Amino acid sequence: MPRLQILNSIEKQALEHIAATSSDEVSKRAKILLGLNEGKKYVALAQEIGVTENSIAKWKKRWTSSTILSETQEGAIAKANEVLGVNVGRPKKCKSTEASKIVEISEWSKNRKPSRSKHHYHTQVAEEATRRGLPTLSPRSIGRILEAQPQ
C-alpha cells in the first residue's frame with residue numbers, strides 16, 4: 001500500500017527547520033507530521049516521539065484541514081506557525097506598554113509607603129494600577145511582570 005504524502009517539499013523543509021529550532025512541544029508536533037509523511041505507523045511514531053496516538057491523529061487532522069496555501073517558503077512557514085501553534089495560548093492580559101506602566105507604578109510605590117511583605121507590595125501596586133485605568137491584575141500577576149523586567 002503506497003504511503004500518503006501529507007506534505008509537499010516546501011512544507012517538509014519548513015517543518016524540518018521548525019523541528020530543529022523550535023521549542024520542545026512545537027518540535028514534537030513538527031516531528032509527528034514529518035514521521036507521518038515518511039509513512040510511519042501511529043504506534044511506532046507515538047513511541048518514538050513520546051506522545052499518544054490520539055495526539056498524532058489530532059495534529060494530522062489539524063494539518064490536513066488547514067486552508068493556508070503553502071506554495072512558497074513563506075506560505076509553508078505561515079501554515080506551520082498557525083497549525084503547530086508557535087504563537088498560541090491565552091492572550092496576555094497585560095501588553096508591554098501596560099507592563100512598563102506597572103514597573104513605573106512599582107518604582108513610585110517603593111518611595112511612597114513601606115510594605116509588610118512582597119505580596120502586600122504587589123497588592124498595593126495592583127490597586128494603584130487599577131486606579132490609574134490599567135487592567136485589573138492579581139498581585140501574583142504583578143509579581144510576574146516585575147520579575148520579568150531586567151534589573
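Residues numbered from 1 in each chain as written. Predicted model: local features only at pLDDT ≥ 70, side-chain atom pairs only at ≥ 80, totals over all residues. Heavy atoms only, no water.

> Looking at this structure, I do not really get the overall build of the protein. What am I missing?
The helix and strand inventory of the protein stands at eight helices and zero strands. Along the protein, helices (α) and strands (β) appear in the sequence α-α-α-α-α-α-α-α when read from the amino end. Taking 2.2 N^0.38 as the reference for a compact globule, 151 residues should give roughly 15 Å; the C-alpha atoms of the protein span a radius of gyration of 23 Å, well beyond that estimate. If one aligns the C-alpha atoms of the protein with their principal axes, the spans along those axes are about 75 × 30 × 25 Å. (Helix = DSSP H or I, 4+ residues; strand = E, 2+ residues; numbered from the N terminus. Rg over C-alpha atoms; globule rule 2.2 N^0.38 Å.)

> When you look at the pattern of salt bridges in this model, what are you seeing that I'm missing?
When the charged atoms of two side chains lie near each other, side chains of opposite charge can form a pair. One pass over the full model with this rule turns up six salt bridges. With its nearest N and O atoms 2.4 Å apart, the salt bridge here joins Glu 128 to Arg 131. With Glu 128 and Arg 131 both in helix α7 (residues 118-131) and three residues apart, this pair spans about one turn of that helix. On the accessibility criterion, Arg 131 (59% relative accessible area) is exposed. Across the pair Arg 132 and Glu 128 runs a salt bridge, and its minimum N-O distance is 3.0 Å. With a relative accessible area of 41%, Arg 132 lands in the partly exposed category. Put simply, Glu 38, Lys 40 and Glu 48 are held in one network by salt bridges that share partners. (Salt bridge = Lys/Arg side-chain N within 4 Å of Asp/Glu carboxyl O. Buried < 20%, exposed > 50% of the residue type's maximum accessible area, 1.4 Å probe, protein only.)

> Quick question: what am I supposed to make of the side chain of Arg 29 here?
If you trace the backbone, Arg 29 turns up in helix α2 (residues 24-37). Those residues in contact with Arg 29 that lie beyond four places of it in its chain are Trp 59, Leu 84 and Gly 85. (Contact = heavy atoms within 4.5 Å.)

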